[in-house]
Amino acid sequence: MTDRRDFLKATGAAAVGLAIASRPARAHAAPAHEHLDRFRSGASKELLLDAINAAKMAGASYADCRIARFQQNFVVTREQQIINVVDTDTLGAGVRALVDGCWGFAATRTLTRDGVTSAAREAVAIAKANRVARDRAVTLAPTPAYPNATWKSPYTTDPFEVPLEQKVDLLLKANAEAMKVPGVKFVNSVLFFVKQERQFASTEGSVIDQTLIRSWPLFTATAVAPDFSDFQSRAANEVAPMGRGFEYVLQADLAGRARKWGEEAAEKLKAKPVEVGKYDLVLAPSNLWLTIHESIGHPTELDRAMGYEANYAGTSFIAPPEEKLGKLQYGKPLMNIQGDRSQEGALATIGYDDDGVKPDEFLIVKNGIFNDYQTTREQAPWLSSWYARQGQQMRSHGCSYADSWGSVAFQRMPNVSLLPAADNTSWNDLIAGVDNGIAIVGDGSFSIDQQRYNAQFGGQTYYEIKGGKLGGMLKDVAYQIRTPDFWNSMDAIGGRASYELGGSFFDGKGQPSQSNAVSHGAPPARFRQVNVINTGRTQ
C-alpha cells in the first residue's frame, strides 16, 4: 500500500522526469530505515545467498538475486527561480529463477531472510506456471563465475554529497549569463544525478558488488524576436550526460559557456532558412550520436530482430539474422561500429551485467559489413551457428540490464560507437572537402519508423559550407535518411582526437517499459548528397 508521503515523493519525481525527457520515473516507496542499515552494513550479501539457495531448494536449475539501491537527484531552475528539487531513493531485491527452460521473477522491498526467500519461492512458482506457454527452452551461454568481484565507475566527487546550495548557485549563474544576451527571454537548466549500488549473486558462484554514478547537466536558452514573430532555442547538448561524478559538472563550465549558447539562440532568429535539396553534410559527434543510436543501436538488438519487441519498441530491418550476418553492406569499409560496456565515462559502462557476465568489446559492423548483434546469455545461443562459422567462441556480449531491483533484466543497448579513423583527420579537414554543404552541431527533433529504416534528424546549429569553408548560420534544417543509403554515403571520418561521447539517460524499451542509459561515441563524419528539408515551411 502506498501512503500519501510515498505517493507525493514518487509522483513528484515522475513529473520532473516527464518534463526532462518524456520518460516517467519508476515509482517506488523510500526504503525502510532498518533495511537501509542492513544494506549499508553489507549484511545484504547474506540475503543474496539465502534467496538463491531458496530458489534452488524449490526446484530452480539456475537462479540469481539482485539487491540494489537506486537514487536520483534533480535540481531544476529557470531564469532566476528554482523550479523543483527532487530526490528519489529505492531499495529492494529481485529474484530470477529458471525451471525447465522457463523464467520466473519476483521482487520484494522486505530485506529480511523471510522476505527474500519468499520472493525466491514465488519466482520458482511463476517459472513453473510459465511452462504451459513455453515456445523454446531457455539455455544460457556459459560464463565464468566471479565469486568476489567489485567494480566502481570513475567518479571522484559523489554528487549526492554536494550541498544543494552549490548546485543551485551553479545553475543560476549560468542562467544569468545567458540572460545578458539581447533577445534571450527564457533559460532552463537542470542537474540530474543517478547513483546505483548493485549487488548480485547466482547459483553458478558469482557474488558481485558494483557502484555507478551518472551526471547530466542540461541547459537551454530561448531567444524571442522583437516583434514576437519567431523564437529559437539553443540546447547545450554537446555537454553530454556521462558516467562521472560532480567533477564533470564543474568541468562542463556552464556559466562560462552560457553566454555563447544564448548568443547562438539569438543568432538563429536572423539565420537564413535552408533551401531544400541535396547537400554534403558534416555532422559533429554531438549530432551523430543520436543517428547512431536510432539507425544502428536499435536495429542491431537481437530481440528486436527476432520479433520479441514487435508489440512496443518495434522490429528491425536487419532480419532474419541468417540472411544479414556477414552479408548486409551497412556502409563503406571505413565504417566500424563497436559495441561495448567498457568506455570510461560512458553511460552503459559497467563491470558485470545483470546476468553476471563481464561484457566484451565486439564489432557490430566490421569494415562496412554487418557482423554481430547485441546479446545476453539467453540470446547468444541463438547465433551459435554464426559464431561457429566464424571460429568465434559463443558467449554473451554482456547486454543484460534491469532499470530497478523490481524490474526483469533483459537485453539493453550497450555503448554503440563509430570508431575513428587511424589518421589525424579533423573537423576542418572534413569541411575543406565540401563545395556545397551544411555542418550540423548538436541533436534536435527526430522521427524514425519502427524498423529503423527511414528517418529524419534535426540539430541545434547549422552552418553553410561553401568552397570548403564555413559560412553563415542556417535554420529549419533536417536531413532525411534511408539507413543503408545514408551510411554508405559516408566517405570520411575524423581521427581519434576528434572522438566524443554523446548519450541519454532515457532509452525506452520493453513491456512494462524500462529506461536504459547509453552513450554513443563518434568522430565528426562527412556524408555525400543527403536529402535536406526545411522544417519551418508552412506551405
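Preceding this section is the structure that the text describes.
A brief report on the enclosed structure follows. These figures come from a predicted structure and were not determined experimentally. Residues take numbers from 1 onward in each chain, read along the sequence in its written order. Predicted model: local features are reported for residues with pLDDT of at least 70 only, side-chain atom pairs are reported and counted for 80 or more only, and whole-chain, interface and lining totals are derived from all residues. Heavy atoms from the whole structure form the basis of all side-chain values; hydrogens and water molecules are not counted.

Side note on the pattern of salt bridges
Any carboxyl oxygen of Asp or Glu that lies within 4 Å of a side-chain nitrogen of Lys or Arg is treated as forming a salt bridge with it. Across all of its chains, the model carries 29 salt bridges by this definition. One salt bridge in this structure joins Lys195 and Asp158, with 2.7 Å as the shortest N-O distance. Of this pair, Lys195 sits in strand E5 (residues 184-202) while Asp158 sits in the loop between strand E4 (149-152) and helix H5 (164-179), and the two are 37 residues apart along the sequence. The exposure class assigned to Lys195 is buried, which follows from its relative accessible area of 13%. Elements are defined by DSSP. Helices are runs of H or I of four residues or more, strands are runs of E of two residues or more, and each kind is numbered from the N terminus. For each residue, the accessible area found with a 1.4 Å probe, counting protein chains only, is set against the maximum for its type, and the residue is called buried under 20%, exposed over 50%, and partly exposed in between.

With respect to the packing of aromatic side chains
By convention here, two paired aromatic rings are described through the distance between centres and the angle between planes. What counts as a ring pair is set by centres within 6.5 Å for rings of Phe, Tyr and Trp (its six-membered ring), and what kind of pair is set by the plane angle: stacked under 30 degrees, edge-to-face over 60, tilted for all other angles. Scanning the entire structure with this criterion turns up 20 aromatic pairs. Relative to Phe246, the ring of Phe193 has its centre 6.0 Å away and its plane inclined at 45°; by these criteria the two rings are tilted. One end of the pair, Phe193, is in strand E5; the other, Phe246, is in helix H6 (residues 246-252), and 53 residues separate them in sequence. Taking relative accessible area as the criterion, Phe193 reaches 0% and is therefore assigned buried. One aromatic cluster is present, formed by Phe446, Phe457, Tyr479, Phe486, Trp487 and Phe527 through successive ring pairs. A positively charged side chain is recorded as over a ring if its NZ (Lys) or CZ (Arg) lies within 6 Å of the ring centre. The angle to the ring normal must also be within 35 degrees. In this structure, Arg136 is placed above the aromatic ring of Trp382, and the distance from its NZ or CZ to the ring centre is 4.7 Å. Taking the ring centre of Tyr499 as reference, the NZ or CZ of Arg496 above it sits at 5.0 Å.

Some remarks on the side chain of Thr108
Residue placement: Thr108 occurs in strand E3 (residues 102-108). Residue Thr108 is classed as buried on the basis of its relative accessible area, which comes to 13%. Of note is the side chain of Thr108, whose polar atom sits 2.9 Å from the backbone nitrogen of Thr110. By the criterion applied in these results, polar contacts are pairs of N or O atoms within 3.5 Å in which, for protein atoms, one can donate a hydrogen and the other can accept it, and in which residues neighboring in sequence qualify only through two side-chain atoms.

Points about the packing of H5 against helix H7 (residues 254-270)
Think of each axis as a best-fit line through the C-alpha atoms, taken over the contacting stretch in the case of a helix, with angles from 0 to 180 degrees between the N-to-C directions. Look at H5 against H7: their axes get within 7 Å of each other, and the N-to-C directions meet at 25°. As the angle between them shows, H5 and H7 are arranged roughly parallel. Of the two possible hands of crossing, H5 and H7 adopt the one that is right-handed. Contact with H5, carried on its side by Leu170, Leu171, Lys173, Ala174, Glu177 and Ala178, involves Leu254, Ala255, Ala258 and Arg259 of H7 and no other residues of that element. Any residue outside Ala, Val, Leu, Ile, Met, Phe, Trp, Tyr, Cys, Pro, Asp, Glu, Lys and Arg is labelled polar, Gly included; the first ten of those are nonpolar and the last four are charged. In the contact of H5 with H7, the residues fall into 7 nonpolar, no polar and 3 charged. By definition in this entry, angles of less than 35 degrees are roughly parallel, angles greater than 145 are roughly antiparallel, angles of 65 to 115 are roughly perpendicular, and the rest are oblique. For a crossing to be left-handed, the near helix must be turned anticlockwise from the far one by less than a right angle; the clockwise case is right-handed. Should any heavy atoms of two residues lie within 4.5 Å, those residues are considered in contact.

What about helix H2 (residues 33-41)?
Considered for burial, the residues of H2 that qualify are His35, Leu36 and Phe39. For H2, the buried positions fall inside an angular range of 100° around the axis, keeping them on one side. Those residues of H2 that are exposed and aimed more than 90 degrees away from the buried face are His33 and Ser41. Close packing links the buried residues of H2 with helix H3 (44-57), strand E1 (62-78), strand E2 (81-99) and E5. Immediately beyond the C-terminal end of H2, within one or two residues, lies Gly42, with a positive phi of roughly 90°. The arc refers to the directions leading from the helix axis to the C-beta atoms.

Quick notes on the pairing of strand E9 (residues 277-283)
Burial within E9 is extensive, with 5 of its 7 residues counted as buried. Pairing of E9 with strand E23 (residues 525-534), which is carried by 6 bridges, proceeds in the antiparallel orientation. Residue pairing for E23: Gly277 is matched across the bridge by Val532. Where E9 meets strand E16 (residues 436-448), 4 bridges bridge the pair, whose relative direction is parallel. Each pair of strands is called paired provided DSSP finds at least two bridges between the two strands.

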